[in-house]
Amino acid sequence: MTVWDDLVGQDRVREQLAAAAKDADALVTAVSDGEPLDQGSKMTHAWLFTGPPGSGRSTAARAFAAALQCTSPDRAMGGAPGCGFCDGCHTSLIGTHADVEVIRTDLLSIGVKETRDLVRRAQLSPAVGRWQVIVMEDADRLTEGAGNVLLKAVEEPAPRTVWMLCAPSLEDVLPTIRSRCRHLTLSTPPVEAVADVLIRRDGIDPERAHAAARATQGHIGRARRLATDERARARRAAVLKVPLRVADVGGCLRAAQELIDTSTEDAKQLAEEVDVKETEDLKAALGGVAGGRMPRGTAGAMKELEDKQKRRKTRTQRDSLDLALTELTGFYRDVLALQLGSKLAIANTDVQDSLDRIAESSTPAQTLRRIESVIACREAMDRNVAPLLAVEAMTMALRAG
């Protein structure tokens, strides 16, 4: 099993990264042997991975990072880096390699302070590996100030440092940064390929794997969660009942409130799992005693942690709502396909009766307006409109058609 095996349905990207990893291996060897560098190398110091949610942007970046750190003896005999078995590959993939830093945020943004810390680390030489690799999974969440800090590091990189930035699209990254990166575009993987991965790697029942892959339209992470988490399946089923519940104003308001309540419960559940442990760990580190007062001078650190937890809760709620809106969009997409007699495969076959009922009682123009109302709700929340107001406006628009 090579490091590329989890890169589903991305053959072109896989070939490009494998070629770059091979050139990177030759480059390090040439430097250590005192040989001149190959000016036509496919390797570069900064990469930008873009693609729709679920396409595997971060998976591709982590696989590339592992290939760069590969220490397989087969390389000396012409083998490609990225064996998946050596210590360099294994520790990179599981997140314990000393020279591979994976940055993901559970907050709304990545600020200047965190970015400066990364830039300082990027100036160091590799400690044990062949490259110093920094994978930023949420480059689209960089604030403008943080982006300007990162720009300097990307413009003048250390000799053995590689930046890998992941974002949904080019427009989500500052033009000055993306112009200095090699760009790779990933596409949504085929449903069959996602189902095959769930069966082969996760041991999921084939029927359930295909149903999950079809329902999520090739989103690998969501498909795995849907196939393995009963709570996720129950939440999705509740969301797909919304189109049948907006027949009157009262139904619209109740449906909106339930969507908000569900997302709030998701955020609360995460807080219960993470916040308590974080707080207790910080108290212990600051010299606090269980049940006693905290030492003087520690209030600032405790307040900073509380603010971080509050921001994380807000993002969790918004992510949960966004997932519900994505599922609603998929529902109306299926309705439109039925109305137009399209040959596109129906994603939500488990609610075929509901799809048929909505398709027969409305027109394609109404369905398009409903899809637009869901998109407008997502855009409103991006502008920090109160979630309940945005969702209520959406459900009322779904009723109007």
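Within any chain, residue numbers begin from 1 and follow the written order of that chain's sequence. The model is predicted, so local features are restricted to residues of pLDDT at least 70 and side-chain atom pairs to those at 80 or more, both for listing and for counting; the totals for chains, interfaces and linings are taken over all residues. Here the side-chain values reflect all heavy atoms present in the structure, with hydrogen atoms and water set aside.

1. Brief notes about the overall build of the protein chain
Okay, step 1: The way it works is that DSSP assigns letters per residue, a run of H or I at least four long becomes a helix, a run of E at least two long becomes a strand, and they are numbered from the N terminus. Secondary structure summary: the protein chain contains 15 helices and five strands in total.
Okay, step 2: Rg of the C-alpha trace for the protein chain: 24 Å, near the compact-globule value of 21 Å for 401 residues, within the 12% margin.
Okay, step 3: Projecting the C-alpha coordinates of the protein chain onto the three principal axes gives extents of approximately 75 × 60 × 40 Å.
Okay, step 4: Here the term buried applies to any residue with accessible area under 20% of the maximum for its type, exposed to any over 50%, and partly exposed to those in between, with areas from a 1.4 Å probe on protein chains only. Here the protein chain holds 401 residues, and the buried ones make up 43% of them.
Okay, step 5: For the protein chain, long-range pairs separated by at least 24 residues make up 72% of all intrachain contacts whose partners lie at least 6 apart in sequence.
Okay, step 6: Working note: accessible area of the protein chain is about 20100 Å², and carbon and sulfur atoms make up 53% of it.
Okay, step 7: When charges are counted, Lys and Arg are positive and Asp and Glu negative, with His and the chain ends excluded. Here the site of a charge means NZ on Lys, CZ on Arg, CG on Asp, or CD on Glu. A gap of 3 Å separates the mean positions of the 54 positive and 57 negative side-chain charges of the protein chain. Our radius of gyration looks at C-alpha atoms and nothing else; its globule reference is 2.2 Å times the residue count to the power 0.38. Between two residues, a contact is recorded if the distance between any of their heavy atoms is within 4.5 Å. Per-residue and other accessible areas follow the Shrake-Rupley method at a 1.4 Å probe size, with only the shown protein chains counted as cover for residues.

2. A short note on unusual backbone geometry
Okay, step 1: One non-glycine residue, Q217, adopts positive backbone phi at about 55°.
Okay, step 2: Of note, Q217 is situated in the loop between α8 (206–215) and α9 (220–228).
Okay, step 3: The phi dihedral of N384 falls on the positive side, at around 70°, and the residue is not glycine.
Okay, step 4: When you line up the elements, N384 lands in the loop between α14 (364–382) and α15 (387–400).

3. Digging into the packing of aromatic side chains
Okay, step 1: Note on ring pairs: Phe, Tyr and Trp rings are taken, using the six-membered ring of Trp, and paired if centres are within 6.5 Å. Classes follow the plane angle, with under 30 degrees stacked, over 60 edge-to-face and the rest tilted. Counted according to the given criterion, the structure contains two aromatic pairs.
Okay, step 2: For the ring pair W47 and F64, a centre distance of 5.0 Å and an interplane angle of 75° mean the geometry is edge-to-face. Taken together, the residues span a long stretch of sequence, with W47 in strand β1 (residues 46–50) and F64 in helix α2 (residues 57–68) at a distance of 17 residues.
Okay, step 3: Judged by relative accessible area, W47 falls into the buried class, the value being 1%.
Okay, step 4: For F64, a relative accessible area of 0% puts it in the buried group.

4. Observations concerning the pattern of salt bridges
Okay, step 1: Take a side-chain nitrogen of Lys or Arg and a carboxyl oxygen of Asp or Glu: if they are within 4 Å of each other, that pair is a salt bridge. Scanning the model with the defined rule gives 19 salt bridges in all.
Okay, step 2: Residue R245 pairs with E258 through a salt bridge whose shortest N-O separation is 2.7 Å. Residue R245 is located in the loop between α10 (230–239) and α11 (249–285), and its partner E258 is located in helix α11; the two are separated by 13 residues in the primary sequence.
Okay, step 3: Assessed through its relative accessible area of 28%, R245 is described here as partly exposed.

5. What to know about the sheet that holds strand β4 (residues 161–167)
Okay, step 1: Any two strands between which DSSP finds at least two bridges are classified as paired. Reading across from one edge, β2-β3-β4-β1-β5 is the order of the five strands in this open sheet, with parallel pairing throughout. Two strands lie at the open edges of the sheet, namely β2 (100–103) and β5 (182–185), each paired on one side alone. Between one strand axis and the next, the sheet turns by 15° as a mean value, whatever way the strands run.
Okay, step 2: Judged from the five bridges that link them, strand β3 (residues 132–136) and β4 form a sheet pairing that is parallel. Bridge pairing in β4 links M136 to L165. As a rule, the C-alpha atoms of each element are fitted with a line to give its axis, helices using only the stretch in contact, and angles between N-to-C directions run from 0 to 180 degrees.

6. So, the environment of E372
Okay, step 1: Looking at the element boundaries, E372 is found in helix α14.
Okay, step 2: Sequence-wise, E372 and M394 are 22 residues apart; in three dimensions their C-alpha atoms are separated by 9.3 Å.

7. Section: the pairing of β3
Okay, step 1: Buried residues dominate β3, accounting for five of its five residues.
Okay, step 2: Going residue by residue along β3, you find Q132, I134 and M136 tucked away on one face and V133 and V135 tucked away on the opposite face as well.
Okay, step 3: In terms of strand pairing, β2 meets β3 through four bridges, oriented parallel. If you follow E101 over to β3, its bridge partner there is I134.

8. A look at a nonpolar patch on the surface
Okay, step 1: In this analysis, a patch consists of residues with relative accessible area above 30% that form no salt bridge, clustered at 9 Å for like charges and at 5 Å for the nonpolar side chains Val, Leu, Ile, Met, Phe, Trp and Tyr. Together, V249, L253 and M396 make up a nonpolar patch on the protein surface, roughly 210 Å² of accessible area in all.
Okay, step 2: For V249, the position within the fold is in helix α11.

9. With respect to a negative patch on the surface
Okay, step 1: A surface patch of negative charge is lined by D261, E265, E272 and E273.
Okay, step 2: If you trace the backbone, D261 turns up in helix α11.

10. Here we look at α14
Okay, step 1: For α14, built from 19 residues, the straight-helix expectation of 27 Å at 1.5 Å per residue is met to within 8% by its first-to-last C-alpha distance of 27 Å.
Okay, step 2: Looking only at α14, the buried set comprises T367, R370, I371, S373, V374, C377, A380 and M381.
Okay, step 3: Positive phi shows up at N384, right after α14, with a value of about 70°. Expected helix span is taken as 1.5 Å per residue step, with the number of steps being one fewer than the number of residues.

11. Examining the nonpolar core
As a rule of thumb, soluble globular proteins bury nonpolar side chains together.
Okay, step 1: Formed by 33 residues in total, the largest nonpolar core has its most connected members in L17, W47, F49, F64, L68 and M164.
Okay, step 2: Elements that contribute at least two residues to this core include exactly α1 (11–33), β1, α2, β3 and β4.
Okay, step 3: Tallying contributions element by element places α2 first for this core, with eight residues.
Okay, step 4: In this structure, L68 is in contact with A21, A24, M43, R130, W131, V133, V162 and M164, ignoring residues within four places of it in sequence.
Okay, step 5: The term nonpolar core refers to a set of buried residues drawn from Ala, Val, Leu, Ile, Met, Phe, Trp, Tyr and Cys, joined through side-chain atoms within 4.5 Å. Judged by nonpolar contacts, the second largest core, of 31 residues, contains L259, A324, V335 and A390.

12. Quick notes on the state of the cysteines
Okay, step 1: Any cysteine sulfur atom paired with another within 2.5 Å is treated as part of a disulfide. Counting across every chain of the model gives zero disulfides.
Okay, step 2: In this structure C86 is not part of a disulfide, and its nearest cysteine sulfur, from C89, lies 3.6 Å away.
Okay, step 3: On the basis of relative accessibility, which here comes to 11%, the residue C86 falls in the buried class.

13. Considerations on α15
Okay, step 1: Across its 14 residues, α15 extends 20 Å between first and last C-alpha, which sits within 8% of the 20 Å expected from 1.5 Å per residue.
Okay, step 2: Buried within α15 are the following residues: A390, V391, M394, T395 and L398. Down the axis of α15, the sector holding all buried residues measures 130°, keeping them to one side. Facing away from the buried surface of α15 by more than 90 degrees, the exposed residues are L389 and A400.
Okay, step 3: At the exit of α15 stands G401, carrying a positive phi of roughly 70°. Along the arc lie the directions from the helix axis toward the C-beta atoms.

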